[in-house]
Amino acid sequence: MKKYDCIIIGAGIAGLTAAIYLERAGKNVLVLESKIHGGQIINTVNIENWPGDLGVSGAELMQKIYQQAIDLGAEVEYEEVIGVVNGDEKIVKTEDEEYKADAIIIATGTEPRKMSEKQTADAGKRAISYCATCDGALYKGKPVVVVGSGNTAKHEIAYLENLASKVYHIHHDDPIPEEAVAVFVAIGRIPNTGIFNGIVDLDQDSYIVASEDCKTSAKGIFVAGDCRTKDIRQLVTAAGDGAVAADAVIKYLG
Ligand SMILES: Cc1cc2nc3c(=O)[nH]c(=O)nc-3n(C[C@H](O)[C@H](O)[C@H](O)COP(=O)(O)OP(=O)(O)OC[C@H]3O[C@@H](n4cnc5c(N)ncnc54)[C@H](O)[C@@H]3O)c2cc1C
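Cut-offs used in this document
- Residues numbered from 1 in each chain as written.
- Predicted model: local features only at pLDDT ≥ 70, side-chain atom pairs only at ≥ 80, totals over all residues.
- Heavy atoms only, no water.
- Helix = DSSP H or I, 4+ residues; strand = E, 2+ residues; numbered from the N terminus.
- Rg over C-alpha atoms; globule rule 2.2 N^0.38 Å.
- Buried < 20%, exposed > 50% of the residue type's maximum accessible area, 1.4 Å probe, protein only.
- Contact = heavy atoms within 4.5 Å.
- Lys, Arg positive; Asp, Glu negative; His and termini not counted.
- Charge placed at Lys NZ, Arg CZ, Asp CG, Glu CD.
- Near = heavy atom within 4 Å.
- Polar contact = N/O pair within 3.5 Å; in protein donor to acceptor, adjacent residues only side chain to side chain.
- Areas by Shrake-Rupley, 256 points an atom, 1.4 Å probe, with all protein chains shown as cover.
- Nonpolar A, V, L, I, M, F, W, Y, C, P; charged D, E, K, R; others polar.
- Domains from an automatic or database assignment.
- Expected span 1.5 Å × (residues − 1).
- Axes fitted to C-alpha atoms, helices over the stretch in contact; angles between N-to-C directions.
- Parallel < 35°, antiparallel > 145°, perpendicular 65-115°, else oblique.
- Left-handed = near helix turned anticlockwise from the far one by under 90°.
- Disulfide = S-S within 2.5 Å.
- Salt bridge = Lys/Arg side-chain N within 4 Å of Asp/Glu carboxyl O.

Caption draft 1: Expanded view of the overall build of the protein chain. Scanning the protein chain from terminus to terminus reveals six helices and 13 strands. Taking 254 residues into account, the globule formula puts the C-alpha radius of gyration at 18 Å, and the protein chain, at 20 Å, falls close to it. Across the 254 residues that make up the protein chain, the buried fraction comes to 46%. If you take every contact in the protein chain between residues at least 6 apart in sequence, the share linking residues at least 24 apart comes to 62%. On the protein chain, the mean spot of the 25 positive side-chain charges and the mean spot of the 37 negative ones are 1 Å from each other.

Caption draft 2: Structural detail: the site of the ligand. The full set close to the ligand counts 32 residues, and Glu33, Gln40, Glu48, Asp226 and Leu235 are the nearest of them. Here an oxygen atom of the ligand and a backbone polar atom of alanine 14 are 3.0 Å apart. At 3.1 Å, a backbone N or O of serine 34 approaches a nitrogen atom of the ligand. When the free accessible area of the ligand is taken as 1,000 Å², the share hidden by the protein chains comes to 86%. Where the shell around the ligand is concerned, the elements lending two or more residues are α1 (13–24) and α6 (235–253). Partitioning the shell around the ligand into residue classes produces 12 nonpolar, 12 polar and eight charged.

Caption draft 3: Seen up close, the domain arrangement of the protein chain. Parsing the protein chain into structural domains produces domain 1 (3–111 + 190–253) and domain 2 (114–185). In this structure, domain 1 and domain 2 have C-alpha centres spaced 31 Å apart.

Caption draft 4: Seen up close, α6. Over its 19 residues, α6 extends 27 Å from the first C-alpha to the last, a length consistent with the 27 Å expected when each residue adds 1.5 Å. Those residues of α6 hidden inside the fold are in contact with β1 (3–9), α1, α2 (58–71), β6 (98–106) and β13 (221–223). Of the residues one or two after α6, glycine 254 is the one with positive phi, at around 75 degrees.

Caption draft 5: Highlighting α1. Here α1 contains 12 residues, and its C-alpha end-to-end distance of 17 Å stays within 8% of the 16 Å for a straight helix at 1.5 Å per residue. Summarising burial for α1: 10 of the 12 residues are buried, a large majority. Looking at α1, one finds that the buried residues are Ile13, Ala14, Gly15, Leu16, Thr17, Ala18, Ala19, Ile20, Leu22 and Glu23. Positioned one or two residues after α1, glycine 26 has a phi angle of 85 degrees, which is positive.

Caption draft 6: Spotlight on the packing of α1 against α6. One way to put it is that α1 packs onto α6 with a least axis distance of 7 Å and a crossing angle of 40 degrees. Between α1 and α6, the angle is such that the two are oblique. Judged by the sense of rotation from one axis to the other, the crossing of α1 with α6 is right-handed. Across the interface between the two elements, Ile13, Ala14, Thr17, Ala18, Tyr21 and Leu22 of α1 pack against Leu235, Ala238, Ala239, Gly242, Ala243, Ala246, Val249 and Ile250 of α6.

Caption draft 7: Structural view of the state of the cysteines. This structure, assessed with the given rule, holds one disulfide. Through a disulfide, cysteine 131 is tied to cysteine 134; the S-S separation comes to 2.1 Å. The sign of the 80 degrees torsion about the S-S bond sets the cysteine 131-cysteine 134 disulfide as right-handed. Classification of cysteine 134 by relative accessible area gives partly exposed; the value is 36%. Just so you know, cysteine 6 is unpaired, no disulfide at all, and the nearest cysteine sulfur is the one on cysteine 214, 12 Å from it. Its relative accessible area of 0% is what places cysteine 6 among the buried residues. On the accessibility criterion, cysteine 214 (0% relative accessible area) is buried.

Caption draft 8: Here's a closer look at the environment of tyrosine 159. Mapping tyrosine 159 onto the fold places it in helix α5 (residues 151–161). Taking C-alpha positions, tyrosine 159 is 8.0 Å from glycine 136, a pair spaced 23 residues apart along the chain. Every residue in contact with tyrosine 159, bar those within four places of it in the chain, is listed here: Ala132 and Thr133.

Caption draft 9: Quick look at the pattern of salt bridges. In this structure the tally under the stated criterion is 10 salt bridges. The shortest N-O distance in the salt bridge between glutamate 89 and lysine 100 comes to 3.6 Å. Within this pair, whereas glutamate 89 is found in the loop between β4 (81–85) and β5 (90–94), its partner lysine 100 is found in strand β6, the two being separated by 11 residues in sequence. What makes glutamate 89 partly exposed here is its relative accessible area of 36%. For lysine 100, a relative accessible area of 24% translates into the label partly exposed. One continuous salt-bridge network, built from bridges that share partners, spans Lys3, Glu89, Lys100 and Asp102.

Next up, the structure:
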């Protein structure tokens, strides 16, 4: 079983920033990613609130950060983590492999909240999407519906209004209009933390409990980015967490 100083779970901005800091400190690092590197920002065409870079896309920004981590020596494997065994030495399990490490950083972010069973049944065979930027063009000139009432829903509506023949707007659990051919869901996000339940403390909404020091309730397990309890979930705060968690790992490893 291959052994690392630190295994980082998730190759979003938090995980990749942590990898950069750890590699620069001479630690050997494995980043495990279940999908593609970059995280939830990669489909955003124009990112906001990222100091110093106006009009950059999420994909461009994340490719640069990924390349920086790779050039410094970080290893990235595309495997979903399905479990962790905690001890002085940690074991991280994927479908096909097990890896050992002295420390872990959880940086698994969040995913879109799914519609209720009732609303999913109501959608029937219609397409369901969680990203207007990714899938909106497929429904050019056709009626679509956006489910949700927050800022993301408003953003999805504004985007689709330039493409669709009509954009219906409904709330969580409202019936889906007959005419709509696709359903765009924007009803919030939930943390990817289910596999860590019982290993680290989670709050009532399943976020990993940690303060600005990025330390969890478990020795040698740290957390960075949107999956931890915090007030502001943005790129800069996730990147900041990556640096803080990496620093905590360096001190922990001694
Ligand atoms: C549509 C949208 C627009 C946004 N726009 C902005 C913006 O303009 N400016 C801004 O500052 N912020 C924006 N944000 C917020 C920003 O994207 C997040 O705060 C940031 O990406 C969080 O980074 P993260 O690394 O914590 O998590 P994520 O980006 O969610 O990355 C987590 C990674 O972990 C992986 N993962 C999850 N579970 C596992 C597992 N079991 N095994 C292996 N890998 C796993 C995921 O596949 C993912 O790649 C936006 C978010 C969205 C959804």
